[in-house]
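# Residue-level structural notes
So you can see what is in the structure, the chains are spelled out below.
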Amino acid sequence: SSYARQFLGRLQPPKVDHVYGLSPAICIEQKNAGKSPRSTVGTVTEIYDYMRVLWARIGRPYCPKCKVPIGTQTPDEIVEKILALGEGTRLLLLAPVEPSGSETYEHLFRRERANGYARVRVDGALHSLDDPIPIDARQQHDVQLVVDRVVVRRSQASRLADSVEQALAVGQGVVLAQVINDNQPKCAPVQGRDREGAVERSPTANWSPGLRSAAHGGDFRFSQHRSCSRCGRSYDELTPHHFSFNTRLGWCVSCEGLGVQRGANPAAIVVHPTRSIADGAISGWGVLQAGSKLYILLSALTDHLGFHLDSPWDKLTATQQLTFLQGCGDDWIAVSGLRFQWHGFFPAIHRATLASAAYRERLAQLVTDVPCETCAGSRLRADAAAVRVGESTLHETCLRPLDQALAWFQQLRLDARERKIAGELLHEITARLRFLVDVGLDYLTIHRAASTLSGGESQRIQLASQIGTGLTGVLYVLDEPTIGLHPRDNRRLIGALHRLRDLGNTLLIVEHDREVIDSADHVLDFGPGAGDFGGRITAAANPSRLRTQRASLTGKYLSGKEAI
């Protein structure tokens, strides 16, 4: 550091006028690839950096809660989606409004009545603005103005477009379309700015299955902002920084980008993974008696999670297992006239260990690092973790073994615009993945923490990052890169080293493997012994002539200067 350097004396300048012919040197040692707990195989090799740019540029955002695509919509697109509901569908077009500043709801209703509107919907109930509207001013209410009442017809598309634009202007870019069912009570006609529409047929007659599933309580929500059409939540425009778990902008606020938290060890909870929950898979519960209170509650819970209580634990999907251990969030589960919430083992034991020292001591054997209950190990904020490329999220892609990830990127189907954006990104990603597979690391994942790698794995991963830089004229020094590598993968490693050499670099490798020695351009044999008996070059030759030269130098050792 500059602070430490101020106490050190200056070195004397070298007694030379000029130094030339020395290449910049990079030493790749057998040491941990990253000291940060957030370092992964993807960040060390820079694969993840290219991936987060790819997801930010061509990824399709999804709502983390509703699992449906989100995006902006133009007025023409909104009109087309409303027309797709089918001829004869009867709708109310609504514009959400709120009191401004210190304005009360009564003032809001009077102002909108003065603006010419006749009806308003408050918390789902329609009211006339001419009549007093009972409302609790101390609570928050959902208020929407009725802008128009229409029947969906292609012949009236221009009127529908005018009403949609008016609703978007009043609702600040948001419009709601409420389906009027045949069994709904009809409001009496009121003179004002909402328009009357005929009521002749069932509104769901021509609905597609997708449109039926998108309707919530008969409402459709359309927005010119980035928001979910189901829950209405708005989202920010995402940049590559939002996909980084090394910054506050992108990491999960619960685990701060680590992806883990202190919680219950799954192996200590599920002691018999081949059994079902009813048959004693869970520690402490034993075999459940049919008809008992616990059996009834767990039956309702497993039905809610999509599996049967008698299903073997190891046959459940990873999502079902994780949800059972981590809880169902704020979902309520109904059974026998009661409702309950399942918060799971991980959060419950974690909170218990935080509550008191006594619980921490009693539960110490159960507590370990487990996936974060908020981000499920993705390390990212919810909206970034939900973005998909080719129906796969960034976290799902990072969990694939490297050989499967390479195949996935090579088979990724993109349109012309996406290919133009992603061309160079995909080239860099696949080149690095191919190198990692070639050096025998196909079993690793991009998500693998760098601190868990062996020395040989770490060295080959650093080699992959150097391959990606494309440097030339560099001297690379490697210390036994074959450590931990199966002999059958030696040829793939040697091929990767040759490619690095062919870029215009020099590789100086300390190695004892016969295949690597035979494939070298030059071999320097040091000896005759180790430690104080070493340090002399006993042979310097091309590998094909090394054995002959060793025989001719029997009993005679040249000094380093003489050999050079």
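Everything discussed here concerns the structure shown above.
What this report covers is the structure whose coordinates are included nearby. Model, not experiment: these values are computed from the prediction. (Residues numbered from 1 in each chain as written. Predicted model: local features only at pLDDT ≥ 70, side-chain atom pairs only at ≥ 80, totals over all residues. Heavy atoms only, no water.)

Attention shifts here to the pairing of strand β6 (residues 174–179). With respect to burial, β6 is a largely interior element, six of its six residues being buried. Burial along β6 is two-sided: the face carrying Val174, Leu176 and Gln178 and the face carrying Val175, Ala177 and Val179 are both buried. Bridge count for strand β2 (residues 90–97) against β6 is four bridges, and the pairing is antiparallel. Of the residues in β6, the one forming a bridge with Leu93 is Ala177. Two strands pair when backbone bridges link them, and β6 and strand β7 (residues 219–223) are joined in this way by five bridges, in the antiparallel orientation. When the sheet's bridge partners are listed, Gln178 is paired in β7 with Asp219. (Buried < 20%, exposed > 50% of the residue type's maximum accessible area, 1.4 Å probe, protein only. Helix = DSSP H or I, 4+ residues; strand = E, 2+ residues; numbered from the N terminus. Pairing = 2+ DSSP bridges.)

For residues besides glycine, phi is generally negative; the peptide bonds are generally trans as well. At Glu46, a position not held by glycine, the phi torsion is positive, near 70°. Assignment of secondary structure puts Glu46 in the loop between α2 (41–45) and α3 (47–58). Its relative accessible area of 31% is what places Glu46 among the partly exposed residues. Backbone geometry places Ser336, a non-glycine residue, at a positive phi of 50°. Mapped onto the fold, Ser336 is located in the loop between β9 (333–335) and β10 (338–340).

Pairing within the open sheet is parallel, and its three strands lie in the order β1-β14-β15. The open sheet has two edge strands, β1 (25–28) and β15 (506–510), and neither has a second partner. Across the sheet, the mean angle from the axis of one strand to that of its neighbour is 15°, orientation sign disregarded. Where β1 lies against strand β14 (residues 475–479), four bridges are found, and the strand directions are parallel. Looking at the pairing, Cys27 lines up with Val477 of β14. The strands touched by helix α18 (residues 490–502) are β14 and β15; relative to β15, the strand with the most contacts, the crossing angle is about 145°. (Axes fitted to C-alpha atoms, helices over the stretch in contact; angles between N-to-C directions. Contact = heavy atoms within 4.5 Å.)

This part covers the packing of α3 against helix α16 (residues 416–438). One way to put it is that α3 packs onto α16 with a least axis distance of 10 Å and a crossing angle of 155°. When the axis of α3 is compared with that of α16, the two are roughly antiparallel. Our pair here, α3 against α16, has a crossing hand that is left-handed. Between α3 and α16, the residues in contact are Ile47, Tyr50, Met51, Val53, Leu54, Arg57 and Ile58 and Glu418, Ile421, Ala422, Leu425, Leu426, Glu428, Ile429, Arg432, Leu433 and Leu436, respectively. (Parallel < 35°, antiparallel > 145°, perpendicular 65-115°, else oblique. Left-handed = near helix turned anticlockwise from the far one by under 90°.)

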